[in-house]
Amino acid sequence: MGRAFEVRKNAMAKTANAKTKVNSKYGKEIYVAAKNGEPDPEVNQSLKRLIERAKRDQVPAHVIEKAIEKAAGGAGEDYSPARYEGYGPGNCMVIVDCLTDNPNRTIKDVRLPFTKTDSKIGTPGCVAHMFDHLAVLGFAGDDDEVVLEALMMADVDVTDVEVEEGKVSVFAPHTEYYKAKTALEDAFADINFEVDEITFVPQVHVEITDADDIANFEKFITMLEDCDDVQNVYHNATVIS
């Protein structure tokens, strides 16, 4: 499929532990968005986007409501974003986004997967320049010209529109997310977004073919995703077994 579907995160829980992790991740993100802005999603667009994503990923309503109530009450932890970059197994490039209330603990937890898989954590910016920070919207369709025209009529700064296997993928600068989504909703009645996210899309991909590198890569990603403070992991690896 197109790039949008390559980078799409599958947040559906496969185990009870994974489901708990997904709920915790969204609870933390929703809490921070509500605390840093208005706790009303009709006013706070960042909060609204998170709630929509959480519902698609089957996060229970009580988890969402509890996070918003906690933020509205002014109590709770003081989380701040932290981003780490480096080189993973097979020399792939990796970006790790976290929310933390203890930076010393978080850097220790994030560094461990790099150390355990003979990878290298780097300095800020060491790989981010090889990724594009984009809004990605994907939905069923087969006419990229009609989609592009609708976006241009709404004066959206579009990076790319792709059609592959009956799916349309729209790429725009992350700052154009709300404008692009609104334009598509206005232009196409009953549009259903299968992909709806702001993400880092790699400019180039690295193929990992060696069996040891593949095993190390899988261990590396699992260890990172098991870290409580890690929210998202982006990489440019394509595993070929």
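Cut-off values and rules
- Going along each chain's sequence as written, the residues are numbered from 1 onward.
- Local features in this predicted model are restricted to residues of pLDDT 70 or higher, and side-chain atom pairs are both shown and tallied only at a pLDDT of 80 or more, whereas totals for entire chains, interfaces and linings draw on every residue.
- As a rule here, side-chain values come from all non-hydrogen atoms in the structure, and water together with hydrogens is ignored.
- Runs of H or I in DSSP of at least four residues are treated as helices and runs of E of at least two as strands, each being numbered from the N terminus.
- Only the C-alpha atoms count toward the radius of gyration. The rule for a globule is 2.2 Å times the residue count to the power 0.38.
- Partly exposed describes any residue whose relative accessible area lies between the buried limit of under 20% and the exposed limit of over 50%, with all areas from a 1.4 Å probe on protein chains only and scaled to the type maximum.
- What sets the accessible areas is the Shrake-Rupley method with a 1.4 Å probe; for residues, cover comes only from the shown protein chains.
- What makes two strands pair is DSSP finding at least two bridges between them.
- Should any heavy atoms of two residues lie within 4.5 Å, those residues are counted as being in contact.
- Axes here refer to lines fitted to C-alpha atoms; in helices the fit is confined to the stretch in contact. Angles between the N-to-C directions go from 0 to 180 degrees.
- UniProt positions are given in the numbering used here, feature names are shortened, and annotations may be inferred rather than shown by experiment.
- Aromatic rings from Phe, Tyr and Trp, taking only the six-membered ring of Trp, are treated as a pair when their centres fall within 6.5 Å; an angle between ring planes under 30 degrees marks them as stacked, one over 60 as edge-to-face, and anything in between as tilted.
- Note that the arc is computed from the directions linking the helix axis to the C-beta atoms.
- A carboxyl oxygen of Asp or Glu within 4 Å of a side-chain nitrogen of Lys or Arg is what we treat as a salt bridge.

(A) Molecular detail of the overall build of the chain. Secondary structure summary: the chain contains 8 helices and 10 strands in total. The C-alpha atoms of the chain give a radius of gyration of 19 Å, which matches the 18 Å a tight globule of 241 residues would have. Split into buried and exposed, the 241 residues of the chain put 44% on the buried side. Surface accessibility of the chain: about 12,600 Å² in total, with carbon and sulfur atoms responsible for 48%.

(B) View of unusual backbone geometry. Its identity as a non-glycine residue notwithstanding, Asn91 has a phi of 65°, on the positive side. Summarising the element assignment, Asn91 is placed in the loop between strand 1 (80-87) and strand 2 (93-100). Exposure remark for Asn91: the relative accessible area of 54% places this residue in the exposed category. Of note in the backbone geometry, Asp118 takes a positive phi value of approximately 55° without being a glycine.

(C) Layout of the pairing of strand 6 (residues 167-173). Burial of strand 6 is extensive: 7 of the 7 residues sit out of reach of the surface. Where strand 4 (residues 131-140) meets strand 6, 7 bridges bridge the pair, whose relative direction is antiparallel. Looking at strand 6, one finds that Val136 is bridged to Phe171. Pairing between strand 5 (residues 160-164) and strand 6: 5 bridges, direction antiparallel. Residue Glu162 lies in a different strand from strand 6, and its bridge partner there is Ser169. With antiparallel pairing between neighbouring strands as the criterion, strand 5 and strand 6 make up a hairpin whose turn holds 2 residues, including Glu165 at a positive phi of roughly 55°.

(D) Structural context of the sheet that holds strand 2. Reading across the sheet, the 4 strands line up as 3-1-2-9 and stay open at both edges, with antiparallel pairing between neighbours. The open sheet has two free edges, formed respectively by strand 3 (120-121) and strand 9 (230-235), since each of these has just one partner strand. Here strand 1 pairs with strand 3 via 2 bridges, running antiparallel. Across the sheet, residue Gly86 finds its bridge partner in strand 3, namely Ile121. Contacts between helix 8 (residues 211-225) and the sheet are confined to strand 2 and strand 9, with strand 9 contributing the most and set at about 155° to the helix.

(E) Local environment of the UniProt feature "domain: TACO1/YebC-like second and third" (unreviewed entry) in the chain. The UniProt entry lists residues 79-237 under the feature "domain: TACO1/YebC-like second and third" (unreviewed entry), expressed in the numbering used here. Taken end to end, residues 79-237 has its terminal C-alpha atoms 30 Å apart, with 31% of it in helix and 36% in strand.

(F) Geometry of the sheet that holds strand 5. Pairing is antiparallel in the open sheet, where 4 strands are placed in the order 5-6-4-7. Edge positions in the sheet fall to strand 5 and strand 7 (195-202), since each of these pairs with one other strand and no more. Across the sheet, the mean angle from the axis of one strand to that of its neighbour is 30°, orientation sign disregarded. Where strand 4 lies against strand 7, 8 bridges are found, and the strand directions are antiparallel. Its bridge partner being in strand 7, Leu134 is matched across the sheet by Thr199.

(G) Highlighting the packing of aromatic side chains. Going through the model one piece at a time under the given rule, you end up with 5 aromatic pairs. Seen in terms of ring centroids, Tyr31 and Tyr79 are 6.0 Å apart; in terms of plane orientation they differ by 85°. Their pairing is edge-to-face. Taken together, the residues span a long stretch of sequence, with Tyr31 in helix 2 (residues 16-36) and Tyr79 in the loop between helix 4 (61-72) and strand 1 at a distance of 48 residues. Under the relative-accessibility criterion, Tyr79 is labelled buried at 18%.

(H) Structural view of helix 7 (residues 177-187). Taken together, the buried positions of helix 7 are occupied by Tyr177, Ala180, Lys181, Ala183 and Leu184. Projected down its long axis, helix 7 carries its buried residues within an arc of 160°, all on one side.

(I) The arrangement of the pattern of salt bridges in detail. Here the structure, examined in full by the defined rule, presents 9 salt bridges. A salt bridge links Arg56 to Asp196; the nearest nitrogen and oxygen atoms lie 3.5 Å apart. Of this pair, Arg56 sits in helix 3 (residues 45-56) while Asp196 sits in strand 7; the two residues are 140 residues apart in sequence, bridging distant segments of the chain. Judged by its relative accessible area of 5%, Asp196 falls in the buried class. Here the residues in one salt-bridge network are Lys28, Asp101, Arg105 and Asp229, joined through shared partners.

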